[in-house]
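What follows is the residue order along each chain.
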Amino acid sequence: MKAKSRIFILILLIILCPLLVDALGIGISPGTVSFDKMLKGGYAERTVKISTNSEETLIARFDVNGDMAQWIRFEPESKKFNISLSEPYELKIIIEVPEDARNDIYTGTIDFVGEGFGDISGRAGGFVNPAVRLMMSTTVSDEQIKSCNSGAFSFQDIEVGFPLELSMLVKNTGNVRINPLIIYDIWDQSQEKIIMSGEFRYPEVLPTTERRITRSIPNELEIGQYWANVSTDECGASSLLTFSVVERGAIADKGILEMIKIKTWASVYEPIEVNAIFRNDGSRTVYAKFKGDIKIDNRIVKVIETEEVAVSSNERQEFITYFTPEFPGRYIVSGRVIYNQKLTYEKAAVLNITPAEAGETSIIPLIIYIIIIITIIFLIRKIIMTKNKRKRFGF
């Protein structure tokens with residue numbers, strides 16, 4: 001009888017326990033981050049992706065610990081964020097080593113912890129906080145490493161009288177800041193005569209980062225086809241390009257604001273990412289910026305205007321800003337992209353903000369707990385009574 005009772009209790013717990021917890025998980029990629037051979041006063045960054053198997057929006061946070069904790073900052077800055085199966089979260093980890101740091105190996109951790117679902121604040125029990133830990137290490141040394149890669153060189157076709165546009169990408173693979181020298185020679189169609197030559201310093205590129213730029217070059221070339229040789233000895237790269245100068249009006253700029261991407265529901269004082277996605281469908285680089293506003297009850301609460309950036313042909317550009325609502329209500333985010341003195345059609349998105357108050361507490365998990373406790377007490381009492389009965393009758 002005693003063995004049967006134990007088996008019964010075990011089966012009952014196995015059946016009821018899955019009702020009390022949500023089978024949630026949080027993952028991170030990569031699982032470790034190392035910053036090797038950093039200089040005193042040096043800079044480095046890495047981007048990690050946090051994901052979950054939850055289809056619902058999960059509220060999560062992270063905490064930093066260890067020797068490196070005071071050297072690290074993040075983009076976005078908020079230590080609370082939302083993730084779901086369809087929308088993982090990307091976090092940029094930036095480390096800046098102090099000038100007075102000693103040469104050594106330093107370690108640290110970042111713990112990512114799920115706190116609950118966006119619509120179950122105040123939920124009683126029934127939630128096991130999923131967590132994952134990112135291991136970090138940094139080696140500080142005096143060894144300077146100057147190394148870079150460059151590529152994606154491009155001269156766009158251009159209308160006569162307009163500046164030439166040279167685009168390129170430089171990635172800093174060393175541990176010191178660089179601004180490599182870019183050299184270009186422009187030849188005639190038969191590649192027999194150099195018509196133009198020049199050089200310029202690339203804007204500063206921080207260690208572990210990459211930077212794409214478009215440089216405007218004064219243009220007095222006549223209509224026709226040309227060849228260009230572009231090189232950067234510091235990064236050990238060169239490329240032979242061709243482009244054409246065409247008559248005025250032959251190139252038409254065409255840009256589209258695809259959408260304003262923003263979450264639909266959030267709480268007051270929660271940082272909200274506003275992402276305007278622009279696509280350049282034209283045949284040349286355009287200079288674009290997003291301009292718009294955020295309204296509640298037809299009253300503007302924030303004006304948005306981003307910095308102007310170069311967007312290459314057939315590329316997308318995300319204009320990201322952040323907004324922290326202070327009042328609940330229905331917000332309208334709208335705006336358009338200005339590119340090469342042209343405007344896209346206006347787009348808009350709706351943001352619903354709820355008060356940051358605890359909701360009603362669910363009593364279902366509490367009832368299940370009570371049923372389990374009563375069942376266990378009843379079974380234990382029955383076992384004791386059976387045992388006493390056996391002693392009384394001498395079994």
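Residues numbered from 1 in each chain as written. Predicted model: local features only at pLDDT ≥ 70, side-chain atom pairs only at ≥ 80, totals over all residues. Heavy atoms only, no water.

**Re the overall build of the protein**
This is how the line gets drawn: Starting at the N terminus, helices and strands are each numbered in turn, a helix being any DSSP run of H or I of at least four residues and a strand any DSSP run of E of at least two. Per-residue accessibility, obtained with a 1.4 Å probe over protein chains only, is compared with the maximum for each type, and a residue is labelled buried under 20%, exposed over 50%, and partly exposed between these values.
If you tally the helices and strands in the protein, you get two helices and 27 strands. Per-residue burial over the protein gives 38% buried out of 395 residues.

**Considering the pattern of salt bridges**
Working definition: two side chains of opposite charge can pair if their charged atoms are close together. Which entries qualify depends on this criterion: The salt bridge criterion pairs a side-chain nitrogen of Lys or Arg with a carboxyl oxygen of Asp or Glu, the two atoms within 4 Å.
This model, assessed by the stated rule, comprises 17 salt bridges. Note that R73 and E96 form a salt bridge whose closest N and O atoms lie 3.0 Å from each other. Here R73, found in strand 5 (residues 72-75), pairs with E96, found in strand 7 (residues 89-96); they are 23 residues apart in sequence, far enough to count as distant. When its relative accessible area of 36% is taken as the criterion, R73 is described as partly exposed. A relative accessible area of 35% places E96 in the partly exposed class. A single salt-bridge network, built from bridges that share partners, covers E45, R73, E75, K92 and E96.

**A word on the confidence of the model for the protein**
To keep it simple, the criterion reads: Per residue, pLDDT captures the predictor's confidence, and it can take any value from 0 to 100. Any two residues having at least one pair of non-hydrogen atoms within 4.5 Å are treated as being in contact.
Residues of the protein with pLDDT of at least 70 account for 86%, and the chain-wide mean is 82. At the level of individual helices and strands, the protein shows its lowest average pLDDT in helix 1 (residues 2-16), which scores 51, and its highest in strand 20 (residues 272-280), which scores 94. Taken together, the stretch residues 15-22 has pLDDT below 50 and engages in 15 contacts with residues farther than four places along the chain or on a different chain. Low pLDDT, under 50, characterises residues 358-362; the predicted model gives this stretch five contacts beyond four residues in sequence or across chains.

**Regarding the state of the cysteines**
Note the cut-off: Here, the term disulfide refers to a pair of cysteine sulfur atoms separated by no more than 2.5 Å.
In this structure the tally under the stated criterion is one disulfide. Two residues, C148 and C235, share a disulfide whose sulfurs are 1.9 Å apart. Because the sign of the S-S torsion sets the handedness, a value of about -110° for the bond joining C148 and C235 places this disulfide among the left-handed ones. With C148 in strand 10 (residues 148-155) and C235 in the loop between strand 16 (224-232) and strand 17 (237-246), the pair connects residues that are 87 residues apart, well separated along the chain. Accessibility expressed as a relative area gives 11% for C235, which makes it buried.

**As for the packing of aromatic side chains**
Rule in force here: Here a Phe, Tyr or Trp ring, Trp counted by its six-membered ring, pairs with any other such ring whose centre lies within 6.5 Å, and the pair is stacked when the planes are under 30 degrees apart, edge-to-face when over 60, and tilted otherwise.
In the structure shown here, the tally under the stated rule is ten aromatic pairs. A centroid spacing of 5.8 Å and a plane angle of 25° characterise the contact between Y226 and F243, whose relative ring orientation is stacked. Here Y226 is found in strand 16, whereas its partner F243 is found in strand 17, with 17 residues between them in sequence. Each of the two residues, Y226 as well as F243, counts as buried.

**Brief notes about the nonpolar core**
Short version of the rule: In this text, buried Ala, Val, Leu, Ile, Met, Phe, Trp, Tyr and Cys residues form a nonpolar core when linked through side-chain atoms within 4.5 Å.
Membership of the largest hydrophobic core comes to 32 residues, with the highest contact counts inside it found for I50, I93, I110, F112 and L134. Other than its neighbours up to four places away in sequence, I50 contacts I26, G27, I28, F81, I83, P88, Y89, L91 and F112.

**Here we look at the layout of surface pockets**
The probe, sized like a water molecule, is rolled over the atoms to show the empty space still left. The line we're drawing: For each structure, a 1 Å grid was placed over the protein atoms alone; sets of points admitting a 1.4 Å probe that cannot get out are labelled cavities, open sets with protein on both sides within 12 Å along at least five of seven lines are labelled pockets, and lining residues have an atom within 4 Å of a point. Grid points are joined across faces, edges and corners, and a volume is the space filled by probe spheres set on the points. Each residue gets one of three labels, nonpolar for Ala, Val, Leu, Ile, Met, Phe, Trp, Tyr, Cys and Pro, charged for Asp, Glu, Lys and Arg, and polar for the others, Gly among them.
Looking at the second largest pocket, its volume works out to about 310 Å³. Taken together, 20 residues make up the lining of the second largest pocket; nearest its centre are R46, N172, T173, G174 and T208. Elements with a contribution of two residues or more to the lining of the second largest pocket: strand 2 (32-38), strand 3 (43-52) and strand 12 (164-172). Looking at the lining of the second largest pocket element by element, the count peaks at five residues for strand 2. For the lining of the second largest pocket, the residue count by class is seven nonpolar, eight polar and five charged.

**A few points about the environment of D253**
Along the chain, the position of D253 falls in the loop between strand 17 and strand 18 (255-261). In the structure, D253 is positioned 32 residues away from T285 in sequence and 8.5 Å away in space, judged by C-alpha atoms.

**Details of the sheet that holds strand 10**
Sheet strands associate in pairs through backbone hydrogen bonding, adopting either a parallel or an antiparallel arrangement. Formally: DSSP calls a pair of strands paired once it identifies at least 2 bridges connecting them. Fitted lines through C-alpha atoms serve as axes, helices being fitted only where they are in contact, and the angles separating the N-to-C directions of these axes extend from 0 to 180 degrees.
Ordered in space as 10-12-15, the three strands form an open sheet in which the pairing is antiparallel. Unpaired on one side and paired on the other, strand 10 and strand 15 (210-217) mark the two borders of the sheet. Each strand axis lies, on average, 20° off the axis of its neighbour in the sheet, ignoring direction. Pairing between strand 10 and strand 12: six bridges, direction antiparallel.

**Digging into the side chain of T321**
By the secondary structure assignment, T321 is in strand 24 (residues 316-323). Sequence-distant contacts of T321, defined by excluding residues within four places in its chain, comprise I272, E273, V274, I304 and T306.

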